[in-house]
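Breakdown of the fold
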Amino acid sequence: METLIIILVGVLTAVAIYLVLSRNLIRVILGTAIFSHAVHLLILTMGGLKNGTVPLLGEDATIFVDALPQALILTAIVISFAVTAFVLVLAYRAYQELGTDDLEEMRGADDE
Amino acid sequence: MMNNILVFPMLLPILAGIILIFFRTHRRIQIVVSLGTMIAVAVISIYILNTIQTDGILRLDFGGWAPPFGILFVADSFSMILVVTTSIVTFICLLYAVIAAGKQMNTLYFHPAVLFLNAGVIGSFMTGDMFNLFVCFEVMLLSSYVLLTLGGSKRQLREAIKYVTINIVSSWFFLVALAYLYGSVGTLNMAHIAMRVAENGQGPLLTTVSIVFLIVFSLKAGLLLYFWLPGSYSTPPAVTSALFGALLTKVGIYALFRVFSLIFPHHPELTLSLIGVMAAITLIGGSFGAVASNDIRKIAAYNVVIAVGFILVGLAISTPLAIEGSIYYLIHDMVVKALLFLVIGAIISLTGTTKIEEMSGLMKNYPLLGWSFFIAMLSLAGVPPFSGFIGKVLVSEGAIQNGNLVLLALALLSSLFVLYSLLRIFRNCFWGETIISKDEQLPLHKGILVPCLILVLLTAGIGLGGEGLAVYVTDAANTLLNPEIYIDAVFSQQQ
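The rules behind each value
Residues numbered from 1 in each chain as written. Chains lettered and ligands numbered in written order. Predicted model: local features only at pLDDT ≥ 70, side-chain atom pairs only at ≥ 80, totals over all residues. Heavy atoms only, no water. Helix = DSSP H or I, 4+ residues; strand = E, 2+ residues; numbered from the N terminus. Rg over C-alpha atoms; globule rule 2.2 N^0.38 Å. Buried < 20%, exposed > 50% of the residue type's maximum accessible area, 1.4 Å probe, protein only. Contact = heavy atoms within 4.5 Å. Lys, Arg positive; Asp, Glu negative; His and termini not counted. Charge placed at Lys NZ, Arg CZ, Asp CG, Glu CD. Buried area = accessible area lost by both parts, 1.4 Å probe. Salt bridge = Lys/Arg side-chain N within 4 Å of Asp/Glu carboxyl O. Polar contact = N/O pair within 3.5 Å; in protein donor to acceptor, adjacent residues only side chain to side chain. Nonpolar A, V, L, I, M, F, W, Y, C, P; charged D, E, K, R; others polar. Axes fitted to C-alpha atoms, helices over the stretch in contact; angles between N-to-C directions. Parallel < 35°, antiparallel > 145°, perpendicular 65-115°, else oblique. Left-handed = near helix turned anticlockwise from the far one by under 90°. Phe/Tyr/Trp six-rings, centres within 6.5 Å; stacked < 30°, edge-to-face > 60°.

**Digging into the overall build of chain B**
Each helix and strand in chain B was counted, giving 21 helices and two strands. Whereas a compact globule of 495 residues would reach a radius of gyration of roughly 23 Å, chain B reaches 22 Å, a difference of no more than 12%. Projected onto its principal axes, the C-alpha coordinates of chain B cover approximately 75 × 55 × 40 Å. Residues counted as buried form 65% of the 495 residues belonging to chain B. Once local pairs closer than 6 in sequence are excluded, the contacts in chain B between residues at least 24 apart make up 82%. Counting 23 positive and 21 negative side-chain charges, chain B places the averaged centre of each group 15 Å from the other.

**Looking at the overall build of chain A**
Looking only at helices and strands, one finds three helices and zero strands in chain A. Going residue by residue from the N terminus, the α and β elements of chain A occur as α-α-α. Taking 2.2 N^0.38 as the reference for a compact globule, 112 residues should give roughly 13 Å; the C-alpha atoms of chain A span a radius of gyration of 20 Å, well beyond that estimate. Dimensions along the principal axes, computed over C-alpha positions, put chain A at roughly 70 × 25 × 20 Å.

**Overview of the interface of chain B and chain A**
The partner chain A presents 34 residues to the 29 residues of chain B that form the contact. Note on chain B versus chain A: buried area summed over both sides is about 3000 Å², and carbon and sulfur give 79% of it. Looking only at chain B, the three residues that lose the most surface to chain A are Arg-158, Trp-172 and Tyr-182 of chain B, adding up to 22% of its buried area. Seen at the junction of chain B and chain A, the total is zero salt bridges. On the surface where chain B and chain A come into contact, there are three residue pairs in polar contact (both at pLDDT 80 or more). Only helix H6 (130-149) and helix H7 (154-185) of chain B provide two or more residues apiece to the side of chain B that touches chain A. Tallied by class, residues from the side of chain B that touches chain A come to 19 nonpolar, four polar and six charged.

**Overview of unusual backbone geometry**
Note on backbone geometry: most residues besides glycine have negative phi, and most peptide bonds are trans. Residues and elements named next belong to chain B. With omega at 10°, the peptide bond leading from Pro-67 into Pro-68 counts as cis. Backbone torsion omega between Pro-384 and Pro-385 reads 5°, so that peptide bond is classified as cis. Inspection of the secondary structure assignment puts Pro-385 in the loop between helix H16 (367-381) and helix H17 (388-402). Here Tyr-109, not a glycine, exhibits a phi torsion of approximately 60°, which is positive. Positionally, Tyr-109 belongs in the loop between helix H4 (103-106) and helix H5 (110-126). Unlike most non-glycine residues, Ser-318 shows phi in positive territory, near 55°.

**Looking at the pattern of salt bridges**
Once the charged atoms of two side chains with opposite charge are near each other, the side chains can pair. Residues and elements named next belong to chain B. What the rule picks out here adds up to eight salt bridges over all chains. Close ionic contact of Lys-162 with Glu-159 constitutes a salt bridge, the shortest N to O distance being 3.4 Å. On the criterion of helical spacing, the pair formed by Lys-162 and Glu-159 is a turn pair, its members being three residues apart in helix H7. Residues Lys-250 and Asp-333 are paired through a salt bridge, measuring 3.0 Å at the closest nitrogen-oxygen approach.

**Some remarks on the packing of helix H11 (residues 238-263) of chain B against helix H14 (residues 320-351) of chain B**
Residues and elements named next belong to chain B. It is the contact of H11 with H14, at a shortest axis distance of 7 Å, that shows an interaxial angle of 165°. One way to sum up the angle between H11 and H14 is to call them roughly antiparallel. When you trace H11 past H14, the crossing you get is right-handed. For the pair H11 and H14, the contacting residues are Ala-238, Val-239, Ser-241, Ala-242, Gly-245, Ala-246, Leu-247, Lys-250, Ile-253 and Phe-257 in the first and Ile-323, Ser-326, Leu-330, Asp-333, Met-334, Lys-337, Ala-338, Phe-341, Leu-342 and Gly-345 in the second. Looking at the contact of H11 with H14, its residues break down into 13 nonpolar, four polar and three charged.

**Focus: the packing of aromatic side chains**
Residue and element names in this part refer to chain B. Taken as a whole and assessed by the stated rule, the structure comprises 32 aromatic pairs over all chains. Both rings, one in Phe-213 and one in Phe-264, keep their centres 6.4 Å apart while their planes meet at 35°; by these two values the pair is tilted. Of the two residues, Phe-213 is situated in helix H9 (residues 204-221) and Phe-264 in the loop between H11 and helix H12 (268-292); the sequence distance between them amounts to 51 residues. Each member of the pair, Phe-213 together with Phe-264, is buried. Here the aromatic rings of Phe-288 and Phe-417 are separated by 6.4 Å at their centres, their planes lie at 90°, and the arrangement is edge-to-face. Pair noted here: Phe-288 is in helix H12 and Phe-417 is in helix H18 (residues 405-430), with a separation of 129 residues, a long-range link.

See below:
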């Protein structure tokens, strides 16, 4: 199971890199969103997948699942949500001001 | 030792920032609250710094969860020195914003953004938990995105897109490194990680993880991977550039020092020599950039790059003297970079241009501004009695002791390039024939000079009164070089 998920992480990362390297600004933003999904899955896998019961005191078991990666992912999701929201607004404003969403055309001269 | 006061340097800016969001249009409230908060933070952090000297390293376990289970704040001399400097420099930059910037900027969420930026920076300095470091980085970065785009000119938006994208990718690398670190050592508490790495040995996997951390923090600090820096640091208004130049790269540098002295010190022949090579290339690249540019904002931004290279030469050498020198230079650089960017902002607002060849003879009209720039230049080049001198001497001594002559030569040569690049501005912009006649000259707002002069006094004060700082700096370097002091303090049972 872990191996499968790691391969999925690899595929997601490849897709994200392809999107981030494109010239279209919206594609770049989508790429960064997929980047964060990939790394969240990676953190989840690092904690070990379903190798024990729920980490609650009442449970009568010897092995518990590590709860920390999920807390980390939750925090990371909130952060990537905020960043993505900001970048979308930034992209919209940039499109309004510069009249393009093509990153090549945004290069521009130094003095403006 | 546990102490609740540790939370205030980060908590106060956050609370004040939240309150200020609701009073956006009240210029007076914005100014009073933000300036007051920074003074309070400075006073509290100076108190904490002094307590550390008598009581040893302080820590605060949030929610009473004993380490390694909870998140905690750890205050040692190194982090508190940086917190004190941060709060003082921010106070002075805010003062400049109040005096120089128009009503529009002061009521456009500028103050809350600066306060949140400070919360992130101070949190990064004080946290003792790797994941919390990531969160504080993000708080700082989100505020910096806001500050960078505030005003919304075409140039700012364009540079912001690059800056934001670069930082999202580097945050991604940070998370990847954290995932692998957690997978291999099973903890996120810095002291606990350090303990486990020391017990189990730093194998190839952990060394690889350390290299990923090196890439992440190098991107934030502008070590070798500085290509985003000159563009984004030279677009926003002067105050924002000053805050960025003084604070942002320093957080990356702090993280590099912390991670490679506390957690991954076991293979210096690989990690530290890699840092040494990166610092050397940074010094060379920054020097070329500073000399080649004709835009005074770009020249100042490349000077930030050179300073990053210089400070990390100290880490690469890692002898007590060199580390002390790096800490002195960090303090100095925060003060003087703020001064440099503020003076350059004043020049640009006076002349309306950023090109060296379009200005001349400002000295006749604005002598005080000219001499402020002159002192910033001397201090950056490391001329005594100003603050850059102590750091340069100590790092050089460390390099000689260690026999690392290549780094020594590059570090000293870079000082010459710093001097030359700033001398070009000084000669072209301040000397020469005065283009603007006495009647036509724009009046310089007298108040603008106040923050600049405070910074001039600070750099001279640090230079002359370096002995007074020696206690703190020696203690900071001692803790960095002996990680067991830090680990013992985190796991000591007395509350």
